[in-house]
Amino acid sequence: MKKIVTFLVLIMLMCSCVACNKKDIYDVDTDTIYVSTDAKVIEVRFDTLEGYSDYDDYSSHLDGRMSDYNFKVGGILVWKDELEQVGVNRMRLKAGYSNCYSYSGYNNIDFMCTKLSEAKEFHYDYVANYINKADGSEVTSKIALADENNYIVYIKKDVNIYIDGTILYYSDNVEILDENLIKATAEDFCCIIFK
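These numbers were taken from a predicted model, which means no experiment stands behind them.

Q: Where do I start with the state of the cysteines in this structure?
A: Here is the idea: a disulfide is a covalent bond, and it sits between the sulfur atoms of two cysteines. In total, this model carries zero disulfides according to the counting rule given. Its sulfur unpaired, cysteine 113 is 6.1 Å from the next cysteine sulfur, which belongs to cysteine 100. Considering cysteine sulfurs only, cysteine 190 is the nearest to cysteine 191, which forms no disulfide, with 7.6 Å between them.

Written out as structure tokens, the structure reads:
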């Protein structure tokens, strides 16, 4: 009995050590969006309080804007997960979007995340060549877009993007920051192919 209790205590200690060492992917200090194959989008965005009297005024404005958008589209497609003041004049918002279209519509930007088989109507093939993440070689769009079971993200915005999947190919205007993290730019459309 003593051995069983000791064994259980050791397992609990190991689990707590693993949990303590796990990095929170949402713990960022720059605008970042998170995309996955289920098409849901999570955004961490930083704003200033400029133009607002305080945290409550900013929060109220944000709630009203989200409510107006949700009413306009006829459902709860945008929501506020967290809002915190992270400096004298800086706000950190974590917001959820039911799909890429609600992120695009709410923020009024060109953005899509969908399966390649469903992306034909969006004319995603404006990028002639892609970079193969595995070896850094350049490949044609025909190769990069061949497997219609893969997913594509395209965006024209200065933002970091966390891909919940394996990045396969990306346009040459994308900077790889980490295994699943890229930096997009507003200068031109950025494309990422992942599975």
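Q: I tried to follow a negative patch on the surface on my own but got confused; where do I start?
A: A grouping of Glu138, Asp158, Asp172, Glu187 and Asp188 is seen on the molecular surface, where their side chains present a negatively charged patch. Structurally, aspartate 172 can be placed in the loop between β10 (167-170) and β11 (175-178). Residue classification places aspartate 172 among the exposed residues on the basis of a relative accessible area of 66%.

Q: I'm lost on the packing of aromatic side chains in this one. Help?
A: The geometry of an aromatic ring pair is captured by two quantities: the separation of the ring centres and the angle between the planes. In total, this model carries eight aromatic pairs according to the counting rule given. Judged by centre distance (5.4 Å) and plane angle (75°), the ring pair of tyrosine 154 and phenylalanine 189 falls under edge-to-face. Placement of tyrosine 154 in strand β8 (residues 151-155) and of phenylalanine 189 in the loop between β12 (181-184) and β13 (190-194) is noted, with a sequence separation of 35 residues between them. On the basis of relative accessible area, tyrosine 154 is assigned to the buried category, the value being 11%.

Q: Mind showing me how you'd approach helix α2 (residues 55-73) here?
A: Think of an α-helix as turning once every 3.6 residues; residues three or four places apart then point the same way. If you check α2, its first and last C-alpha atoms are 27 Å apart, about what 19 residues at 1.5 Å a residue would give, namely 27 Å. Listing the buried residues of α2 in full gives Tyr58, Ser59, Leu62, Met66, Tyr69 and Asn70. The buried residues of α2 occupy an angular sector of 100° when the element is viewed end-on, so they sit on one face. Facing away from the buried surface of α2 by more than 90 degrees, the exposed residues are Asp56, Asp68, Phe71 and Lys72. Buried residues along α2 sit against β2 (41-48), β3 (78-85), β4 (90-97) and α3 (100-107). Measuring from the side-chain oxygen of the N-cap residue of α2 to the backbone nitrogen of aspartate 56 gives 3.2 Å; that N-cap residue is aspartate 54. Residue glycine 74 follows α2 closely and has a positive phi angle near 80°.

Q: Sorry if this is basic, but what is going on with the pattern of salt bridges here?
A: Any two side chains of opposite charge can pair, given that their charged atoms come close. Following the criterion strictly, the structure yields seven salt bridges and no others. The partner of lysine 80 in a salt bridge is aspartate 63, and the shortest N-O contact between them spans 2.7 Å. Placement of the pair is lysine 80 in strand β3 and aspartate 63 in helix α2, with a sequence separation of 17 residues. Between lysine 133 and glutamate 179 there is a salt bridge; the shortest N-O distance is 3.4 Å. One end of the pair, lysine 133, is in the loop between β6 (129-132) and β7 (138-140); the other, glutamate 179, is in the loop between β11 and β12, with 46 residues separating them in the sequence. Judged by its relative accessible area of 23%, lysine 133 falls in the partly exposed class. What you see here is one network of salt bridges that share partners, running through Glu43, Arg45, Asp47 and Lys157.

Calculation criteria
Residues numbered from 1 in each chain as written. Predicted model: local features only at pLDDT ≥ 70, side-chain atom pairs only at ≥ 80, totals over all residues. Heavy atoms only, no water. Disulfide = S-S within 2.5 Å. Patch = residues over 30% accessible without salt bridge, like charges linked within 9 Å, V, L, I, M, F, W, Y side chains within 5 Å. Areas by Shrake-Rupley, 256 points an atom, 1.4 Å probe, with all protein chains shown as cover. Salt bridge = Lys/Arg side-chain N within 4 Å of Asp/Glu carboxyl O. Lys, Arg positive; Asp, Glu negative; His and termini not counted. Charge placed at Lys NZ, Arg CZ, Asp CG, Glu CD. Helix = DSSP H or I, 4+ residues; strand = E, 2+ residues; numbered from the N terminus. Buried < 20%, exposed > 50% of the residue type's maximum accessible area, 1.4 Å probe, protein only. Phe/Tyr/Trp six-rings, centres within 6.5 Å; stacked < 30°, edge-to-face > 60°. Expected span 1.5 Å × (residues − 1). Arc of directions from axis to C-beta. Contact = heavy atoms within 4.5 Å. Polar contact = N/O pair within 3.5 Å; in protein donor to acceptor, adjacent residues only side chain to side chain.

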